[in-house]
Amino acid sequence: MQGLPIGMDDFAKVRKGNYYFVDKTMAIRDFLDNHGEVLLLTRPRRFGKTLFLSMFYYFFAAAHGKEHRELFRGLAIETAGERYMEEQGTRCVLFLTLKDIKHRNWPDMLAKFRFLLSDLYDQYAYLMEASIFSQAERRYFQRVHDGLASPVEMEEALRRLMDMMKRYHHQPVVLLLDEYDIPVQQAWEHGFYEDCMAFMRNFLSAALKTNPSLDFAVLTGVLRIAKESIFSGLNNLEVSSVINGTYADWIGFTPEEVRALAHAQQQDAALPVLHDWYDGYRFGEQEIYNPWSVLCFFKEQGQPQPYWAHTSGNALLSELLKQTDPVQEENLLRLIQGQTVTAVLTEHTIYPELADNPDALYTILLLTGYLKIVSRRLIVDTWVYVLAIPNREVRSIYRSEILSRLSPGRTISYLMTTMESLMAGNAQAFARGLQEILMKVASVYDTANREAFYHGLLLGMMTLLVPEYEVKSNRESGLGRYDLAIYPTHKGQCGVILEFKAAGSPAELLSKAQEARHQIDEKDYEADFRIRGIHKVLKYGIAFCGKQVVLV
């Protein structure tokens, strides 16, 4: 049985080590038949973008081209026709990855760029000895090589290296740029977005826009960063994303590929579990599995876990969830319960829009792999999308990230114990647990919004009950609208109604809690439970004042 290439992103290492390889080489045929000058592939993290781009490098690079030809022996591209294999080992290729540009401030990130460019130039140190270059060009090359280039000189480093390579090798350069948007994401998370954008705009535009030394370029990333001119004026750009669906099967595993892998691992019976946990992505019309998690699943002998969550790449989701408003928090709860949300998507979304544009939030959640497209329809001149959580693994990541915000200094098991007290009718224990949680988190969030803050807090805690219970928020029942209701999904379980009040002072807490409890009966919020045939319902009136709570 072949080994599994988990965490391996070098195509030659995978092939020479005889690891199991999901053959994506027909992408080379598709690219050669249709390619333009610049192709941007945006896909979620850990979906195999680096390995894919490495495959392109070993196919096209002239350096060691004959040796690399053996890597494609027996693969689909070899049987696609000799005219495709004639392209193997014929190009001058520059391969650069920005995946390690992860820093918490701009000076450190700029220093990392300087080291990265120094290492890149060192690979082409032979250019310094060529007589075709002027002394000024060689001095510039030396400064970048020695890590002495200024920020302005660094912005030109990629273009100028490509120019020298073209003149030396007498052919234009293929640029393969991996994870181009990692620096921008890191800059947004840590508060120096503008500085990073100013550099990246010049760095990439110089290499991609009207560059006579460019043969073609393939870039990979998670997001298309377009609105703030990273690709401004780049008329030769083609984008393949999870939204438009072009080249949909290039990255990620198709159902057929997963079935073949399961058979090779002698685990055909595991296919239903794989489908439940790791399927559900849709790139255009193509059904896609998460390749990282599928490989980890087989390595761990068929044990389903949220492997994607264990790659320490959920910082973006955590940051996005911090910026949700009460309506979005309710939508997130609906998503976790298997329901859908509707949004207008735009691939021109930029990070600063997240605070003011709810559709920007859903766009980024989709592009980063935390949502999938269920359907779309054209309303007037606008495409409107119905979105859902792709699978069980991603749902568990949402729950974990939401709950982690509610339990600083406390374990998730403590939250579970508190919710068990609620469902068991142990009001005193639930009140004590809720009080403890408020003491930890109330100072972190803005409680000025009174009931909305407490409502959001309880909504987050309710994620622990899904899918065993159905949670509804602000829904009509009887003669009014309750705050929260918990409906059992199995016979014999009891339901719960919660009504909240914000007290103006600690002295009002008890009377406000009693008022909330009386409102449940007065408005007959239990009506919807009776319609569903649920006759045992726990009713709680809860009053909040700052970090204090009273429940009746």
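For clarity, every value in this text was computed on a predicted model and none was experimentally measured.

Novice: I would appreciate a short explanation of helix 20 (residues 412-423) in the present structure.
Specialist: One turn of an α-helix holds 3.6 residues; hence residues three or four places apart share an orientation. In this model helix 20 runs 17 Å from its N-terminal to its C-terminal C-alpha over 12 residues, within 8% of the 16 Å that 1.5 Å per residue would give. Here helix 20 has its buried residues at L415, T418, M419, S421, L422 and M423. Once helix 20 ends, the next one or two residues include G425, with phi positive near 80°.

Novice: It is not clear to me how the sheet that holds strand 15 (residues 495-502) should be interpreted in this structure. Could you clarify?
Specialist: Within a sheet, each strand pairs with its neighbour through backbone hydrogen bonds, oriented either parallel or antiparallel. The sheet built from 5 strands is open, its strands ordered 11-14-15-16-17 with mixed pairing. Edge positions in the sheet fall to strand 11 (469-473) and strand 17 (548-551), since each has one partner strand and no second. Strand after strand, the sheet turns through a mean of 20° between neighbouring axes, direction not considered. Of the strands in this sheet, strand 11, strand 14 (484-488), strand 15 and strand 16 (537-545) are in contact with helix 20, which crosses strand 16 at around 125°.

Novice: Is there a simple way to think about the sheet that holds strand 10 (residues 382-388) in this case?
Specialist: Pairing is antiparallel across the open sheet formed by 3 strands, whose spatial order is 8-10-9. Looking at strand neighbours, the two that pair on one side only are strand 8 (341-343) and strand 9 (372-379), the edges of this open sheet. Here the average twist between neighbouring strands, direction ignored, is 25°. In this structure, strand 9 lies alongside strand 10, joined through 7 bridges in antiparallel fashion. Paired with R377 across the two strands is V384, which belongs to strand 10. Packed onto the sheet, helix 18 (residues 358-367) meets strand 8, strand 9 and strand 10 and runs at close to 105° relative to strand 8.

Novice: Is there a simple way to think about the nonpolar core in this case?
Specialist: Formed by 179 residues in total, the largest nonpolar core has its most connected members in F72, L94, L422, M462, L498 and I542. The element best represented in this core is helix 12 (residues 193-208), accounting for 9 residues. Look past the residues within four positions of L94 in its chain and what remains in contact with it is L120, Y124, L158, L161, M162, M165, V173, V174, L175 and L176. One finds A485, Y487, Y525 and F529 within the second-largest nonpolar core, a separate group that totals 9 residues.

Novice: Please explain the pairing of strand 14 as it appears in this structure.
Specialist: Walk down a regular strand and you will see the side chains alternate between the two sheet faces. Of all 5 residues in strand 14, 5 are buried; the element is thus mostly enclosed. On strand 14, burial covers both faces: L484, I486 and P488 on one face and A485 and Y487 on the other are all buried. In terms of strand pairing, strand 11 meets strand 14 through 5 bridges, oriented antiparallel. Across the sheet, the residue bridging to E470 is Y487, located in strand 14. Bridge count for strand 14 against strand 15 is 3 bridges, and the pairing is antiparallel. Within the sheet, the bridge partner assigned to A485 lies in strand 15 and is I497. Between strand 14 and strand 15, which pair antiparallel in sequence order, lie 6 residues; one of them, G492, sits at a positive phi of approximately 95°.

Novice: So what exactly am I meant to see when it comes to the side chain of K501 here?
Specialist: Topologically, K501 is positioned in strand 15. Of the side chains with opposite charge, E515 comes closest to the buried, unpaired K501, at an N-O distance of 4.1 Å.

Novice: Teacher, can you tell me more about the pattern of salt bridges here?
Specialist: As a working rule, side chains carrying opposite charge can pair if their charged atoms are close by. Taken as a whole and assessed by the stated rule, the structure comprises 25 salt bridges. Salt-bridge contacts for E515 lead to K512; the nearest nitrogen and oxygen are separated by 3.7 Å. Here E515 pairs with K512, and both are found in helix 23 (residues 509-522), just 3 residues apart, close to one helical turn. Exposure remark for K512: the relative accessible area of 23% places this residue in the partly exposed category. The salt bridge involving D521 is made with R517; its shortest N-O contact spans 2.8 Å. Of this pair, D521 and R517 both sit in helix 23, 4 residues apart, roughly one helical turn.

Novice: What exactly am I supposed to notice about the packing of aromatic side chains here?
Specialist: A ring pair, where both rings are aromatic, is described by two values, the distance of the centres and the angle of the planes. In this structure the tally under the stated criterion is 38 aromatic pairs. Ring centres of F199 and F203 lie 5.6 Å apart, and the angle between their planes is 15°; this geometry places the pair in the stacked category. Taken together, the positions of F199 and F203, both in helix 12 and 4 residues apart, correspond to about one turn of that helix. The residues F199 and F203 share a single accessibility class, namely buried. Where Y454 meets F544, the ring centres are 4.2 Å apart and the plane angle is 5°; that geometry is what we call stacked. Residue Y454 is found in helix 22 (residues 451-462), and its partner F544 is found in strand 16; the two are separated by 90 residues along the sequence. The same class applies to Y454 as to F544, namely buried.

Novice: Just to check I follow, could you spell out the environment of P107 for this structure?
Specialist: Here P107 shows up in helix 7 (residues 106-122). Through-space distance from the C-alpha of P107 to that of F52 is 31 Å; in sequence the pair is 55 residues apart.

Novice: Hey, could you run me through the layout of surface pockets in this one?
Specialist: The probe, sized like a water molecule, is rolled over the atoms to show the empty space still left. Its boundaries defined by the atoms lining it, the largest pocket holds a volume of some 1,100 Å³. Along the wall of the largest pocket there are 43 residues; nearest its centre are R45, R46, F47, G48 and E179. Among the elements of the structure, helix 1 (11-16), helix 3 (49-60), helix 11 (182-190), helix 15 (291-299) and helix 16 (315-322) are those that each provide at least two residues to the lining of the largest pocket. A breakdown of the residues in the lining of the largest pocket according to their chemical character gives 22 nonpolar, 11 polar and 10 charged. Contributing to the lining of the second largest pocket are 25 residues, with Y57, V93, F95, Q123 and Y124 lying nearest its centre. Elements with a contribution of two residues or more to the lining of the second largest pocket: helix 3, strand 2 (92-97), helix 7 and helix 10 (157-169). Here the element with the most residues in the lining of the second largest pocket is strand 2; it accounts for 5 residues.

Novice: Honestly, helix 21 (residues 427-441) in this entry has me stumped. Any pointers?
Specialist: Spanning 15 residues, helix 21 covers 21 Å between terminal C-alpha atoms, matching the ideal 21 Å at 1.5 Å per step. Inspection of helix 21 places A429, F430, A431, G433, L434, I437, L438 and V441 among the buried residues, and these make up the whole buried set.

Novice: Can you help me understand a nonpolar patch on the surface in this one?
Specialist: Among the surface-exposed residues, Y126, I132 and Y168 lie close enough to one another that they form a single nonpolar patch of about 270 Å² accessible area. Judged by its relative accessible area of 33%, Y126 is partly exposed.

Reading guide: rules and limits
- Residues numbered from 1 in each chain as written.
- Predicted model: local features only at pLDDT ≥ 70, side-chain atom pairs only at ≥ 80, totals over all residues.
- Heavy atoms only, no water.
- Helix = DSSP H or I, 4+ residues; strand = E, 2+ residues; numbered from the N terminus.
- Expected span 1.5 Å × (residues − 1).
- Buried < 20%, exposed > 50% of the residue type's maximum accessible area, 1.4 Å probe, protein only.
- Pairing = 2+ DSSP bridges.
- Axes fitted to C-alpha atoms, helices over the stretch in contact; angles between N-to-C directions.
- Contact = heavy atoms within 4.5 Å.
- Core = buried A, V, L, I, M, F, W, Y, C linked by side-chain atoms within 4.5 Å.
- Lys, Arg positive; Asp, Glu negative; His and termini not counted.
- Salt bridge = Lys/Arg side-chain N within 4 Å of Asp/Glu carboxyl O.
- Phe/Tyr/Trp six-rings, centres within 6.5 Å; stacked < 30°, edge-to-face > 60°.
- 1 Å grid on protein atoms, 1.4 Å probe; cavity = no way out; pocket = protein on both sides within 12 Å on 5 of 7 lines; lining within 4 Å.
- Points joined across faces, edges and corners; volume = space filled by probe spheres on them.
- Nonpolar A, V, L, I, M, F, W, Y, C, P; charged D, E, K, R; others polar.
- Patch = residues over 30% accessible without salt bridge, like charges linked within 9 Å, V, L, I, M, F, W, Y side chains within 5 Å.
- Areas by Shrake-Rupley, 256 points an atom, 1.4 Å probe, with all protein chains shown as cover.

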